[in-house]
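# Topology and contacts: notes
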Amino acid sequence: MARIQLFQALLIICFSYGLIRGGRPERFAVIIFLVGFILTLAVASPVTERFSHLEVRIFLVDSAMLVCFYYLALNAERFWTIWLCAMQSIQVLTHLPIIIIPELLPQAYGIVVAIWAYPMLLVLVVGTYRHQQRLRQFGVDKSWSDFSLSQK
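The shown structure was predicted, so the numbers you read here are calculated from the model rather than taken from an experiment. (Residues numbered from 1 in each chain as written. Predicted model: local features only at pLDDT ≥ 70, side-chain atom pairs only at ≥ 80, totals over all residues. Heavy atoms only, no water.)

### Section: the nonpolar core
The cut-off we apply is this: For the purposes of this section, nonpolar cores are sets of buried Ala, Val, Leu, Ile, Met, Phe, Trp, Tyr and Cys residues that join through side-chain atoms within 4.5 Å. A 1.4 Å probe rolled over the protein chains alone gives each residue an accessible area, and that area as a share of the maximum for its type sets the label: buried under 20%, exposed over 50%, partly exposed in between. Only DSSP runs of H or I covering at least 4 residues are called helices, and only runs of E covering at least 2 are called strands; the numbering of each starts at the N terminus. Any two residues whose heavy atoms approach within 4.5 Å at even a single point are treated as in contact.
If you look at the biggest cluster of nonpolar residues, it comprises 32 residues, and the most contacted ones within it are Ala29, Phe33, Phe69, Leu72, Leu84 and Leu121. Counting residues per element, the ones that place at least two in this core are α1 (2-21), α2 (24-43), α3 (56-75), α4 (80-93), α6 (106-115) and α7 (117-138). Take this core: its biggest share by element is seven residues, from α3. Among all residues touching Leu84, those that are not within four sequence positions of it are Ala29, Phe33, Phe69, Met120 and Val123.

Laid out in structure tokens, this is it:
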């Protein structure tokens, strides 16, 4: 349980930093994370059954988050969004081994699915920090690419 509380505290700190100090892409990333986190909690199987089979609903939430992060990476004028999209792609792919190896230990499946959240939060924090650096250095930090639909 301490691991879960530590993760939730980390979420609150990273989300707060992204929302307060980040630009629009950082805030969109926080919203995607937050909605994904809440939906994952809502659709997860009961604890006694969790990760003993393919968690289809969590897989669908992770896939929807991937689509959102992909859209963000295409439109944001930020390099870190590409890293976030790549990590979420790995997150989605980690659901597939349970299909091939049904006897996979539930703990192993659960850990592999959850582990990518930590580096993704780190990328968000670094992206927000870099945004603040650019603001200090140049006075402005462009949020969206010139060809972005989000800009129009």
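And the narrative resumes.
### Things to note about unusual backbone geometry
A positive phi angle, near 65 degrees, is found at Phe51, a position not held by glycine. Assignment of secondary structure puts Phe51 in the loop between α2 and α3. Classification of Phe51 by relative accessible area gives buried; the value is 15%.

### Observations regarding the state of the cysteines
Threshold: In what follows, a disulfide is any cysteine sulfur pair within 2.5 Å.
One pass over the structure, following the stated rule, counts zero disulfides. No disulfide involves Cys14; its sulfur sits 19 Å from the nearest other cysteine sulfur, which is in Cys85. Cys85 carries a free sulfur, and the closest cysteine sulfur to it, the one in Cys68, is 10 Å from it. For Cys85, a relative accessible area of 10% puts it in the buried group.

### Quick notes on the packing of aromatic side chains
Note the threshold: Each Phe, Tyr or Trp ring (for Trp, its six-membered ring) is paired with any other whose centre lies within 6.5 Å, and the angle between the two planes then decides the class: stacked below 30 degrees, edge-to-face above 60, tilted in between.
Counted by the stated rule, this structure contains six aromatic pairs. Judged by centre distance (5.2 Å) and plane angle (70 degrees), the ring pair of Phe7 and Tyr118 falls under edge-to-face. Taken together, the residues Phe7 in helix α1 and Tyr118 in helix α7 connect sequence positions 111 residues apart. The exposure class of Tyr118 is partly exposed, given its relative accessible area of 32%. Among the aromatic residues, ring-to-ring pairing joins Phe7, Phe37 and Tyr118 into one connected group.

### Comments concerning α4
Condition: Multiplying 1.5 Å by the residue count of a helix minus one yields the expected span of that helix. The directions considered for the arc are those from the helix axis to the C-beta atoms.
Spanning 14 residues, α4 covers 20 Å between terminal C-alpha atoms, matching the ideal 20 Å at 1.5 Å per step. Of the residues making up α4, those classed as buried are Trp80, Thr81, Leu84, Cys85, Met87, Gln88, Gln91 and Val92. Looking straight down α4, one finds that the buried residues subtend no more than 165 degrees of arc, so they occupy a single side. Where α4 is buried, its residues contact α2, α3, α6 and α7.

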